[in-house]
Each structure stands twice: as C-alpha cells, then as structure tokens.
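# Per-entry structural report
Each chain, written out:
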Amino acid sequence: MADLFLEIVTPSKSSFSGNVISITIPGAIGSFQVLKNHAPIISTFEIGVIKVELLNKAPEYFATSGGTVEVLNNKIRVLADTVEPLADIDLNRAKLSLERAKHRLENRNVEDINIARAEAALARATNRIKLVEKYQNDSSL
Amino acid sequence: MATLRDIKGRIKGVQSTQKITKAMKMVAAAKLRRAQEAIVNARPYARQIFELLSHLATEDDLANNPYLKNKEVKNVAIVVVTADRGLCGAFNANIIKEANRYIKEELGGNANVSIFGVGKKGYEFFSKRDFKISGKKTGIFSSLRYDYSLEIIDEIIKGYLNDSFQKVIIIYNEFKSIIQQKIVVEQFLPIPVKLIAENISYPVALPNYIFEPDQKYIFNYLLPKHLKAQMWRILLESNAAEFGAQMTAMDNATTNAKELIRTLQLKYNKERQAAITKEILEIVSGANALKSA
C-alpha cells in the first residue's frame, strides 16, 4: 500500500516529515482535508490550525500563519511561513501579544501603526490561544 | 635603547592581545557552526517554493508579471550586504569595492543609482559619500531573524512597484568555505525569467491541478515569498561568510602575535645576556684594577 507522505517546511527549518493518514488545512477558500489519492491540488492557506492524523498515534496540531500546500501523487508539501506544534506554543506569550495587538488597534488614531500588521498579529495570537485551549487536554497525556 | 623592563611590558601586552584574538576566533567558530546549520535548514523551503513557482508559471506570467517583466530602466537600486562590525579582514571592504566597481563600470556612475544598505559597514560607507540611499537595515546580524528578511523585501518591493527603481541588484558575500568567501552580484528584480523557465520541469503537460483560489493568485502570492526566502538565504550566507572571515582574520592575528612574542622574547634574552656580560666585565675589570694596584 502506497503511503501518504507529508512534509512541512518553513523558512527556518523542516518541521515535519513522514507518512500520515490525513491532513486538514485551513485553505484560503475553506478548510479541507487531504486523504490518500487526493487529486493534485495547489492551494494557499491562512492563519489557522493544521491537523495531522497519524497511524496509531494521537493527531498532531500545528498553529500556522499561512502558506501554500501542494498535493501531487500522494505527496503533500506544506510551505508555511511559520508552524508551531501545539506543545511548543507559549500560552502566556500568545496572551501578551494578543493584548499588545488589541492595544495597538484601539489606539490606532493616536499612534502611528501598521494596521494590517497589528491585525495579523491579533489573528495569530487568537489562533494560538484557541488551539491551546481546545486541544491542550487531549494531547498532554 | 629599550630596557629589559620595556621589552617585558611589550611581551605582556602582546600576550593579552593574543588571548583576546584567540577567544574571538573560538567565538566566531561556534557562531559559524550555528550559521551553517541555519543555511542548511533554510534550503528546503527556498528550493521547494522555487519549484512550486516553476510548476505554476505560465507563458503569460513570464511575459507580463510585474515581478518578471523587464521595464525600461531609469533607476537602479543596489542592495549592499555587509556586516555590522569589522574585525573580519577584507570582508566588508571587498563588497564595497565591488559595489563601486559595478556602479562605475556597469552603470556608468552613480547618477541613477540608489543604495539599499544591509549591514552597518556598507551603509555607513555609502551614506557618507555622494550616493542616494533608498533604504537601510542595520544591526540585524547579531540576532538574525526571518522577520528582517520580510522587512527588507517589503521595502524593496514597495520601491519597485511604485517605480522608484526598475531594477534591483544585490551584492553579497557567499559562504564557500571557512577560508573562502565569494562575492556575488545578482539581479534580484525583475526576477530573471531564464531562471524560472529553465526550471519548468514539465515538458509533459502540467498535472491537472486544482487551484484554490486560482493559478494567477497563487503565483502572485508565491513570488514575494520566493523573494523573501531568497533574501533570507542571502542574509544567512553573508552571516556565515562573515564568521568565516572573522575566524580567518583572528587566526592570522593570533599567529602574528605569536611571531611577535617570539621576536620580543629573543630580543629580551639577548638584552639580558648582554647585561650579565657587562656586569661580569665590570666586576672582573674592577678586581683586576684592584690586584694591579
């Protein structure tokens, strides 16, 4: 049986490489799941959660800030700007950056800020916190 | 003539300098190893994003995409990548020299040239002279992060798309080996079409990809990412090359110090022997004078 091979790379390192059952990706026009023998697809994805289902193991979750995915001949290549495994997320740091982004957006008329950047930071922080709060318990066995 | 004490003082001084250069060499060696690892880690992403781009490129894109299309060149931006600090031999000087040569020979003077300084040394050189500065990013090499690459590219893309310059050349040190850096002059924008065209690995029809949202969008989404990955690679290369150059420079300094200490030590010994001989002579001739009296 041919396997479904997944590789997740970011600019700073290769974060995951191995065979998987499926992967769920927060695609640009809707979240989608890739199983074996999926049709070739190239899609961008946004800030959200990548879920990787593994054989005989608990699924792994990654917080990502966007990127592209290519599926071809049972090979999945995820090129992400950043990915963070659930276990590596620092909840306190995420909460701090959430506060910071909120503060910036609230004072947008006072300070000279890059609104798009602050909004992206807000979305990233929210994403991390949501991920941790949702899955922390069932993966920290 | 130097007295014994003077020479001893100098030996001490050179010895402590030698200790410092030795330590700096070891620090550079440790940092170099990390920098090399970073390059290796950055490779898969840069390669794959480029492959993906090549899969996606269409004839139309190659001819008309703003990042790929050759425009009439009125102004050229030169990105000069140097280190933030010295003490690394001719590392920075070589880049500056090459940039000057390029401006003079290939572009015929600095009238339509602006400099984008990455790294303090190069920026300082050009900002003090008669050059237009289109941007700078300094003090980044002490703790290199991917964000810096994003910031540099965002600024370059902005200038490129609003027509401040129509061509971007980048000059940097490539890491060949610990003792060897290669100066590279590359056209950064427009992205040389040849590069992508050469890499289109589908003489056979493209597999029937589903595109979400669509091919054009993804292509345009990936191009800036490709540039960022490129810039990141260049920063890492330059960083590793800097440590390599620093290591070599400090190694040379240590060897020189050793040689200097040897010469001084020899001089010291000779002086000491001369002093002893002189004293003995004095005593003997004194004794002789007493005897004959």
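Residues numbered from 1 in each chain as written. Chains lettered and ligands numbered in written order. Predicted model: local features only at pLDDT ≥ 70, side-chain atom pairs only at ≥ 80, totals over all residues.

## Some details on the overall build of chain B
Heads up, the rule is: To qualify as a helix, a DSSP run of H or I must reach at least 4 residues; to qualify as a strand, a run of E must reach at least 2; elements of each kind are numbered from the N terminus. Two things to know: the radius of gyration comes from C-alpha atoms, and the globule rule equals 2.2 Å times the number of residues to the power 0.38. Backbone-placed C-beta atoms define the burial measure: a residue is buried with 20 or more other C-beta atoms within 10 Å of its own, exposed with 12 or fewer, and partly exposed in between. Any two residues are considered in contact once their C-beta atoms, placed from the backbone, lie within 7 Å.
Regarding its fold elements, chain B presents 7 helices and 6 strands. Listing the helices and strands of chain B from first to last along the sequence gives α-α-β-α-β-α-β-α-β-β-α-β-α. What you see for chain B is a C-alpha radius of gyration of 29 Å, clearly larger than the 19 Å of a compact globule of 293 residues, by over 25%. Projected onto its principal axes, the C-alpha coordinates of chain B cover approximately 120 × 40 × 30 Å. In chain B, which comprises 293 residues, the share counted as buried stands at 32%. Of the contacts made within chain B by residues no fewer than 6 positions apart, 76% connect residues no fewer than 24 positions apart.

## What to know about the interface of chain B and chain A
Our working definition: Throughout, the ten residues Ala, Val, Leu, Ile, Met, Phe, Trp, Tyr, Cys and Pro are labelled nonpolar, Asp, Glu, Lys and Arg are labelled charged, and all others, Gly among them, are labelled polar.
Taken together, the 21 residues of chain B in the interface contact 20 residues of chain A. Listed by contribution, the elements that provide at least two residues to the side of chain B that touches chain A are α1 (4-56), β6 (210-212) and α7 (215-292) of chain B. Sorting elements by how many residues they give to the side of chain B that touches chain A places α1 of chain B first, with 8 residues. Looking at the side of chain B that touches chain A residue by residue, the classes come out as 17 nonpolar, 3 polar and 1 charged.

## Regarding the domain arrangement of chain A
Residues and elements named next belong to chain A. The following threshold applies: What marks off one domain from the next here is an automatic or database domain assignment.
For chain A, the domain assignment lists domain 1 (4-85) and domain 2 (90-139). Centre-to-centre, using C-alpha coordinates, domain 1 lies 23 Å away from domain 2. Each partner contributes to the interface: domain 1 provides 7 residues, whereas domain 2 provides 7 residues. Elements that contribute at least two residues to the side of domain 1 that touches domain 2 include exactly β5 (41-53) and β6 (60-72).

## Quick word on the domain arrangement of chain B
Partitioning chain B into domains gives domain 1 (4-21 + 250-286) and domain 2 (31-245). When each unit is reduced to the centre of its C-alpha atoms, the spacing between domain 1 of chain B and domain 2 of chain B is 52 Å.

## Things to note about α1 of chain B
For an α-helix, the turn length of 3.6 residues means that residues three or four places apart are oriented alike. All names here are of chain B. Quick reminder of the rule: Multiplying one less than the number of residues by 1.5 Å gives the expected span of a helix. Bending is quantified residue by residue as the angle between axes fitted to the seven-residue window ending at that residue and the seven-residue window starting at it.
The end-to-end C-alpha distance of α1, which contains 53 residues, comes to 76 Å, matching closely the 78 Å that a straight helix rising 1.5 Å per residue would cover. The largest bend in α1 comes to about 30 degrees, at alanine 42, with the proline proline 44 one to four residues further on. Those residues of α1 that fall on the buried side of the exposure criterion are Ala28, Leu32, Ala35, Ala38, Ala42, Tyr45, Ala46, Ile49, Leu52, Leu53, His55 and Leu56.

## Section: the nonpolar core
Residues and elements named next belong to chain B. The test is simple: Nonpolar cores are built from buried Ala, Val, Leu, Ile, Met, Phe, Trp, Tyr and Cys residues. These are joined into a set through C-beta atoms within 7 Å.
Judged by nonpolar contacts, the single largest core of 91 residues is most densely connected at Ile78, Val79, Val80, Val81, Val168, Ile170 and Ile171. By residue number, the principal contributor to this core is α7, which donates 18 residues. Leave out the neighbours within four places in its chain, and isoleucine 78 touches Ala99, Val113, Ile115, Phe116, Ile169 and Ile171.

## Observations regarding the sheet that holds strand β5 (residues 180-189) of chain B
All names here are of chain B. The test is simple: Here, strands pair whenever DSSP counts at least two bridges between them. Helix axes are fitted to C-alpha atoms over the stretch in contact, other axes to C-alpha atoms as well, and angles between N-to-C directions run from 0 to 180 degrees.
The mixed open sheet is built from 5 strands, whose spatial order is β3-β2-β1-β4-β5. Bordering the open sheet on either side are β3 (132-137) and β5, each of which pairs with just one other strand. Each strand axis lies, on average, 20 degrees off the axis of its neighbour in the sheet, ignoring direction. Pairing analysis gives 5 bridges linking strand β2 (residues 113-118) to β3, with the strands arranged parallel. The partner of glycine 117 across the bridge, within β3, is lysine 136. Helix α4 (residues 120-127) contacts β1 (76-81), β2 and β3 of the sheet and is inclined by roughly 150 degrees relative to β2. Those strands touched by α7 are β1, β4 (167-177) and β5, and its axis lies near 45 degrees from that of β4.

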